[in-house]
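# Chain and residue survey
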Amino acid sequence: MVVLEGDGDAATMTPEDVEKSEPKITNPLSLEIFRIIKDAQQQHGLRHGDFQRYRGFCSRRLRRLRKVLKIPQGDRRHYRRRDVTSTHLTSSNSENRLLCVPLLQAERAWAHAMQLRQEANTEPRKKFHLISRLKKACSHAHLLLQLCEESGVCDARTQLEAGAYAAWLSGALLVELQQWRPAAESLKRAQIVLENLCAALPEDERIIYKQKVEELNPSLRYCAYNIGDESAAGDLLAMRGQGLIENLDSLMAQAKESRSGVMHEVEWRGRRVTVRPEKVRLFLIALQDMDKSIANATTAQAKIDILENILMDCKDAISAIKDEIKNDPKLKTASETQMSSINYLLSYLMYLRLARTIERNNLMIQQAEEARKNNAPIDGKKVRPQDLTRLYEIILQNYTELQQLPGFENDSAYQQEIETQVKAYKAFRCYYIAQVLTGLRRFREALAMLERCSSYTADSIKNKHQEKQILEKLRVLEKDIESCKFEVHADSVLEDEEDEDKYVGKAYKDKKPLVDRLDDYREDTQVLTKNPNIYKLPPPMEAVPCKPLFFDLACNFIEFPNLDDKTGVANKKQGAGITGLVKGFLGWGKGGQ
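Thresholds applied
- Residues numbered from 1 in each chain as written.
- Predicted model: local features only at pLDDT ≥ 70, side-chain atom pairs only at ≥ 80, totals over all residues.
- Heavy atoms only, no water.
- UniProt positions renumbered as here; feature names shortened; annotations may be inferred.
- Helix = DSSP H or I, 4+ residues; strand = E, 2+ residues; numbered from the N terminus.
- Buried < 20%, exposed > 50% of the residue type's maximum accessible area, 1.4 Å probe, protein only.
- Contact = heavy atoms within 4.5 Å.
- Expected span 1.5 Å × (residues − 1).
- Core = buried A, V, L, I, M, F, W, Y, C linked by side-chain atoms within 4.5 Å.
- Phe/Tyr/Trp six-rings, centres within 6.5 Å; stacked < 30°, edge-to-face > 60°.
- Lys NZ or Arg CZ within 6 Å of the ring centre and 35° of its normal.
- Salt bridge = Lys/Arg side-chain N within 4 Å of Asp/Glu carboxyl O.
- Patch = residues over 30% accessible without salt bridge, like charges linked within 9 Å, V, L, I, M, F, W, Y side chains within 5 Å.
- Areas by Shrake-Rupley, 256 points an atom, 1.4 Å probe, with all protein chains shown as cover.
- Polar contact = N/O pair within 3.5 Å; in protein donor to acceptor, adjacent residues only side chain to side chain.
- Lys, Arg positive; Asp, Glu negative; His and termini not counted.
- Charge placed at Lys NZ, Arg CZ, Asp CG, Glu CD.
- pLDDT = per-residue confidence, 0-100.
- Pairing = 2+ DSSP bridges.
- Axes fitted to C-alpha atoms, helices over the stretch in contact; angles between N-to-C directions.
- Parallel < 35°, antiparallel > 145°, perpendicular 65-115°, else oblique.
- Left-handed = near helix turned anticlockwise from the far one by under 90°.
- Nonpolar A, V, L, I, M, F, W, Y, C, P; charged D, E, K, R; others polar.
- Disulfide = S-S within 2.5 Å.

The protein chain is annotated in an unreviewed UniProt entry as Signal recognition particle subunit SRP68 from Pieris macdunnoughi. The UniProt entry for the protein chain carries the following text under Sequence similarities (unreviewed entry): "Belongs to the SRP68 family."

This is the structure in structure tokens:
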């Protein structure tokens, strides 16, 4: 027995009681929150945007955890809520999986909210349910943060991740509630924590946190944009051009009218027209900052991606105008001036689409020329002159469509601008066609194509309205044409010499006799030898037709002489006649008597 002395009465305790009363030093609980949810999301539906599947996984996982950890919420008949508390974490049998319960509850509520967001496009009333589920997710996330901080058994990394997770969900909820300033503060707090974690963790564990920081950037810029930061608006549109924000159209529809109201009218080629569809206005706003985004892109492929995103938006804007012309009864009954205005706007958007397509193709040509110069493949294939010829052919087709835009067929200034560019691109096309013909050893056609290329180049350089960038390429092409002519001429001469070498110099040996090659002139020294190959003796065997068959068809028309007296047939006939006479006289031989 152990006697404990104190201010009061002495108490006796057994050694077992003393051991239980001493605090146990256990390892702190640790939970990599963002890594766990990232792996679960990728494996259970979110790779394909299936939030319902991920929500079902969270429910099943929660049921298994509660059963294993012995924290059931009632029985089959009755429900009794039981949350994870600090007591569970400080008990002797605490483990990391206890923290997974509030985390999975928050993930399940968040997944339900994201599923409702997808369905809210057709059913607007579900937006209220969406907000309630986000509130539930925030409450579970803050419960997780409270458990990590108050229990004192979680390590610093777990507490930081729980704080960042709760701040992110709070920011998402505040964005839905359009409380921009508090939302920006919550998202910024989450971003700062994640950035600090990246700095403290090893290199191989930083990827998940860096990705999360990049996911927060568009939301932060959008919040700043709605607060009134104009620079944030430009950055937001630049992100849209680079494909970083997929739902900018719905976000911009809720933006301030002061920003979108700038594009109520557009001016092109001296005419001002009204922009009515909202989707067209948003596209024209994004187009203003596109050049800046392309200039900031480092590689040609990045620039191509930006242009392809813009082209997709332009296609949607054109469809919006066509649908408005088709479905709006006011436009159907409008006057000719109003109809011509919206058709003029449609021509302007088609012009933008074709112009950006040409710009995209020029970047692809630049990429192909650099790869061909460095002898590097693109997508595992070597670049050929045929590939560049096809790209220039597509550009010329785009210019043909530009010439046929509705309302500009009779605009001489516009047609002259297009014709100037067409001549330049025809020169580039002819140059690469000549290279293709050279590879096929058709040197005459290649020289003719180079002459035409030289003519197009000279005309394009003389034009004062030619673009500076195209003019520089034409001057480089002018030098390349001369060198290419010399190469083609040299190749043709070498080919002629190779043909002559076959017949001149060494004795040309041919098994054909002279009589079979009288049309080919060549110096054959074998003819002057003792055994000249003039005619093959003996001549080769040849197949001839067999002897024909004769049929005696006149036999039926020939009258043969009577030979009965020589064969004795006449005597036999005579004897038979006397005997018959006697029989008849005497009554013999009559039948029926």
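## Some points on the overall build of the protein chain
Regarding its fold elements, the protein chain presents 23 helices and four strands. The buried share of the protein chain, taken over its 593 residues, is 36%. For the protein chain, the share of sequence-separated contacts (at least 6 apart) that also reach a separation of at least 24 residues comes to 61%.

## Topic: helix H8 (residues 180–200)
Between its first and last C-alpha, H8 extends 30 Å over 21 residues, near the 30 Å set by a 1.5 Å rise per residue. Among all positions of H8, only Trp 180, Ala 183, Ala 184, Ser 186, Leu 187, Ala 190, Gln 191, Val 193, Leu 194, Leu 197 and Cys 198 are buried. Those residues of H8 hidden inside the fold are in contact with helix H2 (33–43), helix H7 (156–176) and helix H9 (207–227).

## What about the nonpolar core?
Judged by nonpolar contacts, the single largest core of 68 residues is most densely connected at Tyr 54, Leu 99, Trp 110, Tyr 165, Trp 168, Leu 169 and Leu 194. Where this core is concerned, the elements lending two or more residues are H2, helix H3 (51–69), helix H5 (97–119), helix H6 (126–151), H7, H8 and H9. Those residues in contact with Trp 110 that lie beyond four places of it in its chain are Gln 41, Leu 46, Phe 51, Tyr 54, Leu 134, Ala 137, Trp 168 and Leu 169.

## A few points about the packing of aromatic side chains
Within this structure, the stated rule accounts for 17 aromatic pairs. Ring plane angle 65° and centroid distance 6.1 Å describe the contact between Tyr 425 and Phe 428, whose orientation is recorded as edge-to-face. Remark: Phe 428 and Tyr 425 occur in helix H19 (residues 412–439); sequence separation between them is three residues, near one turn of the helix. By the burial criterion, Tyr 425 is buried, and Phe 428 matches it. In textbook terms, an aromatic cluster arises when at least three aromatic residues are bridged by ring pairs, as seen for Phe 34, Phe 51, Trp 110, Tyr 165, Trp 168 and Tyr 209. Geometry around Trp 168 places Lys 212 over its ring, the cationic atom sitting 3.6 Å from the centre. Looking at Lys 473, its charged tip hangs above the ring of Phe 428, at a distance of 4.9 Å from the centre.

## Concerning the pattern of salt bridges
Applying the stated criterion to the full structure yields 17 salt bridges. The shortest N-O distance in the salt bridge between Arg 35 and Glu 32 comes to 2.4 Å. Under the relative-accessibility criterion, Arg 35 is labelled partly exposed at 36%. When its relative accessible area of 24% is taken as the criterion, Glu 32 is described as partly exposed. The residue Arg 97 makes a salt bridge to Glu 95 at a minimum N-O spacing of 2.8 Å. Residue classification places Arg 97 among the partly exposed residues on the basis of a relative accessible area of 33%.

## Regarding a nonpolar patch on the surface
Taken together, the side chains of Val 515, Leu 518, Ile 534, Tyr 535 and Leu 537 define a hydrophobic patch exposed on the protein surface, amounting to about 540 Å² of accessible area. Note that Leu 537 resides in the loop between helix H21 (468–503) and helix H22 (564–567). Its relative accessible area of 69% is what places Leu 537 among the exposed residues.

## Considering the side chain of Thr 420
The topology assignment puts Thr 420 in helix H19. Exposure remark for Thr 420: the relative accessible area of 7% places this residue in the buried category. For Thr 420, the side chain forms a polar contact with the main-chain oxygen of Gln 416, separated by 2.9 Å. Non-local contacts of Thr 420, meaning those with residues more than four positions away in its chain, are made with Asn 463 and Gln 466.

## Topic: the side chain of Thr 457
Tracing the backbone through its elements, the reader meets Thr 457 in helix H20 (residues 443–462). Excluding residues within four positions of it along the chain, Thr 457 makes contact with Ala 427, Leu 474, Leu 477, Glu 478 and Ile 481.

## Section: a positive patch on the surface
Taken together, the side chains of Arg 53, Arg 60, Arg 63 and Arg 64 make up a positively charged region of the molecular surface. Mapped onto the fold, Arg 53 is located in helix H3. Here Arg 53 falls in the partly exposed class, since its relative accessible area comes to 43%.

## Description of the confidence of the model for the protein chain
Per-residue confidence for the protein chain gives a mean pLDDT of 78, with 80% of residues at or over 70. Below a pLDDT of 50 lies the segment residues 334–339, which in the model reaches four contacts outside its immediate sequence neighbourhood of four places, other chains included. Scored below 50 in pLDDT, residues 503–507 shows four contacts in the model against residues more than four places distant or in partner chains.

## Looking at the pairing of strand S4 (residues 271–274)
As paired strands, strand S3 (residues 265–268) and S4 are joined by four bridges and run antiparallel to one another. Each residue of the ladder has a partner; that of Glu 267, found in S4, is Arg 272. Here S3 folds back onto S4, and the loop between the two strands holds two residues, one of which, Arg 269, carries a positive phi near 55°.

## Thoughts on the packing of H5 against H6
Where H5 contacts H6, the two axes come as close as 8 Å, and the packing angle between them is 160°. Between H5 and H6, the angle is such that the two are roughly antiparallel. For the pair H5 and H6, the sense of crossing is left-handed. Across the contact of H5 with H6, the residue classes break down as 17 nonpolar, four polar and five charged.

## Things to note about the state of the cysteines
What the rule picks out here adds up to zero disulfides. Here Cys 484 stays free of any disulfide, with the sulfur of Cys 453 as its closest cysteine sulfur at 8.6 Å. Looking at Cys 484, the relative accessible area reads 8%, which means it is buried.

## A few points about the environment of Leu 169
Tracing the backbone through its elements, the reader meets Leu 169 in helix H7. Sequence spacing of Leu 169 and Cys 138 is 31 residues, and the spatial spacing of their C-alpha atoms is 5.7 Å. Setting aside residues no more than four positions away along its own chain, Leu 169 makes contact with Ala 106, Trp 110, Ala 137, Cys 138 and Ala 141.

## Thoughts on unusual backbone geometry
Cis geometry is adopted by the peptide bond preceding Pro 538, which originates at Leu 537 and carries an omega value of -10°. Position of Pro 538 among the secondary structure elements: in the loop between H21 and H22. Positive phi values are uncommon outside glycine, yet Lys 70 reaches one of about 60°. Following the sequence through the fold, Lys 70 ends up in the loop between H3 and helix H4 (86–90). With a phi close to 55°, Asn 375 is a non-glycine residue in the positive phi region. By the secondary structure assignment, Asn 375 is in the loop between helix H17 (336–373) and helix H18 (385–403).

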